[in-house]
Amino acid sequence: MTLAEDVHEAFAGVMRAHGFGMVSRLVFVVELVEDSGELGLLRGSCPGDMPVWSELGLHRYAVADIEALVTASRVAGSEEDE
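Every value quoted in this text rests on a predicted model; they were computed, and no experiment measured them. (Residues numbered from 1 in each chain as written. Predicted model: local features only at pLDDT ≥ 70, side-chain atom pairs only at ≥ 80, totals over all residues. Heavy atoms only, no water.)

Assigned secondary structure in the protein consists of two helices and two strands. Along the longest, intermediate and shortest principal axes, the C-alpha atoms of the protein span 45 × 40 × 30 Å. Here the protein holds 82 residues, and 16% of them are scored as buried. Here the protein has roughly 6,700 Å² of accessible surface; of this, 58% comes from carbon and sulfur atoms. Each charge sign in the protein was given a centre, from 5 positive and 15 negative side chains, and these centres are 9 Å apart. (Helix = DSSP H or I, 4+ residues; strand = E, 2+ residues; numbered from the N terminus. Buried < 20%, exposed > 50% of the residue type's maximum accessible area, 1.4 Å probe, protein only. Areas by Shrake-Rupley, 256 points an atom, 1.4 Å probe, with all protein chains shown as cover. Lys, Arg positive; Asp, Glu negative; His and termini not counted. Charge placed at Lys NZ, Arg CZ, Asp CG, Glu CD.)

Moving on to the pattern of salt bridges. Counting across every chain of the model gives one salt bridge. Here Arg43 ties to Glu55 by a salt bridge, and the two come within 2.3 Å at their closest N and O atoms. Remark: Glu55 occurs in helix α2 (residues 52-75) and Arg43 occurs in strand β2 (residues 39-46); sequence separation between them is 12 residues. Owing to a relative accessible area of 7%, Glu55 belongs among the buried residues under this scheme. (Salt bridge = Lys/Arg side-chain N within 4 Å of Asp/Glu carboxyl O.)

Turning our eyes to something else, we now look at the pairing of β2. Looking at chain direction, strand β1 (residues 26-33) and β2 are connected through eight bridges and run antiparallel. The partner of Glu31 across the bridge, within β2, is Leu41. Remark: five residues form the turn of the hairpin made by β1 and β2, two consecutive strands paired antiparallel; Gly37 in that turn has positive phi of roughly 95 degrees. (Pairing = 2+ DSSP bridges.)

With that out of the way, let us pick up helix α1 (residues 3-17). Here α1 contains 15 residues, and its C-alpha end-to-end distance of 21 Å stays within 8% of the 21 Å for a straight helix at 1.5 Å per residue. Residues of α1 that are buried in the fold lie against β1 and β2. Of the residues flanking the end of α1, it is Gly19, one or two places downstream, whose phi is positive at about 80 degrees. (Expected span 1.5 Å × (residues − 1). Contact = heavy atoms within 4.5 Å.)

This part is about the environment of Val70. Tracing the sequence through the fold places Val70 in helix α2. On a C-alpha basis, the gap between Val70 and Arg60 in space is 15 Å, while along the polypeptide they are 10 residues apart.

The next subject is the confidence of the model for the protein. Summing up the model confidence of the protein, the mean pLDDT is 89 and the portion of residues at 70 or higher is 94%. The spread of mean pLDDT over the elements of the protein runs between β2, the lowest at 91, and α2, the highest at 93. (pLDDT = per-residue confidence, 0-100.)

Moving on to the nonpolar core. In terms of nonpolar packing, the biggest core is built from six residues, these being Ala4, Ala12, Val23, Leu26, Phe28 and Cys46. When residues of this core are traced back to their parent elements, those giving at least two are α1 and β1. Once residues lying within four places of it in the same chain are set aside, the contact partners of Leu26 are Val7, His8, Phe11, Gly44, Ser45, Cys46 and Met50. (Core = buried A, V, L, I, M, F, W, Y, C linked by side-chain atoms within 4.5 Å.)

Another point: a nonpolar patch on the surface. On the surface, Val52, Trp53 and Leu56 cluster together into a nonpolar patch covering about 350 Å² of accessible area. By the secondary structure assignment, Trp53 is in helix α2. Since its relative accessible area comes to 68%, Trp53 is described here as exposed. (Patch = residues over 30% accessible without salt bridge, like charges linked within 9 Å, V, L, I, M, F, W, Y side chains within 5 Å.)

Quick look at the structure:
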């Protein structure tokens with residue numbers, strides 16, 4: 001199994017445990033802190049043969065969703081930064 005498949009399996013199990021639906025595709029970005037203190041990003045997708053454009057589309061969809069939440073909170077007058 002690859003790292004992406006392990007992450008997919010673990011995430012799907014957590015989603016099932018909380019009553020969410022089946023995870024068909026997964027993209028992830030993880031911030032890593034190296035032993036030296038350097039920051040880095042780990043990016044992956046499952047299935048492993050997902051075209052890069054599909055992966056990019058899922059990331060853009062997630063960013064649009066986050067931007068919508070930020071906009072809604074600002075329109076509602078909330079000053080909270082999330």
